[in-house]
Amino acid sequence: MKPLSKRRLVAWVRLLAVTRAAENHLREFLRVNHATTLPRFDVMAALYRHRDGLTMGELSRALLVSNGNATAVVDRLEHDRLVRRTPSRTDRRAVGVALTAAGVARFERLAADHEVEVDRLFGALSTRDLDTLNDILTRSKGVTA
């Protein structure tokens, strides 16, 4: 039997492979079925969770991306009138960003289809499998979510 450290390494590689495959599938799903990108979906999801909006800095930190990456995505969403920028009343350097009503409606449609697709991707997992997987991931040291 392999040492525990090697078995953990194999588990990590498998977890990473599944994650990458699912992410690539969802990127393609969003592109083909909704003419959008995963980064746009992620920005909209973060803003949907924070209905009062976030500053650009908060958005970047929430998404673990650079300010430049967040700005580029927000620029496109603003062009499509799915988000609006608002200068901060208290800090001239800060700009808030929030979903517009059209952005909320668009995200809700995307999120519903995204959920159906994720459900399909992981449809082979039973309730027991999911409970076990969630328990294992929760107990994993050094990983926070």
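Everything below is about the structure printed above this text.
Fair warning: this is a prediction, and the values are worked out from it, not measured in the lab.

Student: Just checking my understanding: could you explain the packing of aromatic side chains for this structure?
Tutor: Each aromatic ring pair is specified by the distance between its two centres and by the angle formed by the two planes. With the rule as written, the count across this model stands at 2 aromatic pairs. Ring centres of Phe41 and Phe107 lie 5.3 Å apart, and the angle between their planes is 40°; this geometry places the pair in the tilted category. Here Phe107 lies in helix H5 (residues 101-121) and Phe41 lies in helix H2 (residues 38-49), a separation of 66 residues in the sequence. When sorted by exposure, Phe41 lands in the same class as Phe107, which is buried. Consider the rings of Tyr48 and Phe107, whose centres lie 4.9 Å apart with planes at 40°: the pair is tilted. Here the residue Tyr48 occupies a position in helix H2, and Phe107 occupies one in helix H5, the gap between them amounting to 59 residues. You can call Phe107 buried: its relative accessible area is 6%. Three or more aromatic residues link up through ring pairs in this structure, and these residues are Phe41, Tyr48 and Phe107.

Student: Which parts of the structure should I look at to understand the packing of helix H1 (residues 4-34) against H5?
Tutor: How two helices sit against one another is set out by the angle between their axes and by the gap between those axes. Between H1 and H5, the shortest axis-to-axis distance is 11 Å and the interhelical angle comes to 135°. Our classification of the angle between H1 and H5 gives oblique. Read as a crossing pair, H1 and H5 show a hand that is right-handed. Contacts between H1 and H5 involve Ala22, His25, Leu26, Phe29, Leu30 and His34 on the former and, on the latter, Arg106, Leu110, Asp113, His114, Glu117, Val118, Arg120 and Leu121. Here the residues of the contact of H1 with H5 are counted per class, giving 7 nonpolar, 3 polar and 4 charged.

Student: Looking at this model, I keep getting lost on the nonpolar core. Mind explaining?
Tutor: Nonpolar side chains in soluble globular proteins tend to be buried together. With 23 residues, the main nonpolar core has Leu47 and Leu59 as its most contacted residues. Elements supplying a minimum of two residues to this core: H1, H2, helix H3 (56-63), helix H4 (67-79), strand S3 (95-99) and H5. Ranked by the residues each element gives to this core, the list is headed by H2, at 7 residues. Not counting the four nearest positions on each side in its chain, Leu47 is found in contact with Leu54, Leu59, Val83, Val97, Ala98 and Leu99.

Student: How should the pattern of salt bridges be read in this particular structure?
Tutor: Pairs may arise between side chains of opposite charge once their charged atoms sit close together. Scanning all chains against the criterion turns up 8 salt bridges. Taking the shortest distance from any N to any O, the salt bridge between Arg51 and Glu108 comes out at 3.7 Å. Of this pair, Arg51 sits in the loop between H2 and strand S1 (54-55) while Glu108 sits in helix H5, and the two are 57 residues apart along the sequence. On the accessibility criterion, Glu108 (38% relative accessible area) is partly exposed. As a salt-bridge pair, Arg85 and Asp75 come within 2.6 Å of each other at their nearest N and O atoms.

Rules and cut-offs
- As a convention, each chain's residues are numbered from 1 in the sequence order in which they are written.
- The predicted origin of the model limits local features to residues at a pLDDT of at least 70 and limits the giving and counting of side-chain atom pairs to 80 or more, whereas totals for whole chains, interfaces and linings rest on all residues.
- Computation of side-chain values covers all heavy atoms of the structure but excludes hydrogens and water.
- Classification of ring pairs uses Phe, Tyr and Trp, with its six-membered ring standing for Trp, and accepts pairs whose centres are within 6.5 Å; under 30 degrees between planes counts as stacked, over 60 as edge-to-face, and the remaining range as tilted.
- Put simply, DSSP H or I for four residues or longer makes a helix, DSSP E for two residues or longer makes a strand, and each gets a number counted from the N terminus.
- To sort residues, take the accessible area from a 1.4 Å probe on protein chains only and compare it with the maximum for the residue type: under 20% means buried, over 50% means exposed, and anything in between is partly exposed.
- Interaxial angles span 0 to 180 degrees and are taken between N-to-C directions of axes, which are lines fitted to C-alpha atoms, for helices over the stretch in contact.
- Oblique is the label for any angle not covered by the other classes, which are roughly parallel (under 35 degrees), roughly antiparallel (over 145) and roughly perpendicular (65 to 115).
- Put simply, a crossing is left-handed when the front helix is turned counterclockwise from the back one by less than a right angle, and right-handed when it is turned clockwise.
- Here a residue-residue contact requires only that any non-hydrogen atoms of the pair lie within 4.5 Å.
- Under the grouping applied here, Gly and all other residues not named as nonpolar or charged are polar, the nonpolar ones being Ala, Val, Leu, Ile, Met, Phe, Trp, Tyr, Cys and Pro and the charged ones Asp, Glu, Lys and Arg.
- In plain words, nonpolar cores are sets of buried Ala, Val, Leu, Ile, Met, Phe, Trp, Tyr and Cys residues tied together by side-chain atoms within 4.5 Å.
- The salt bridge definition used is simple: a Lys or Arg side-chain nitrogen within 4 Å of an Asp or Glu carboxyl oxygen.

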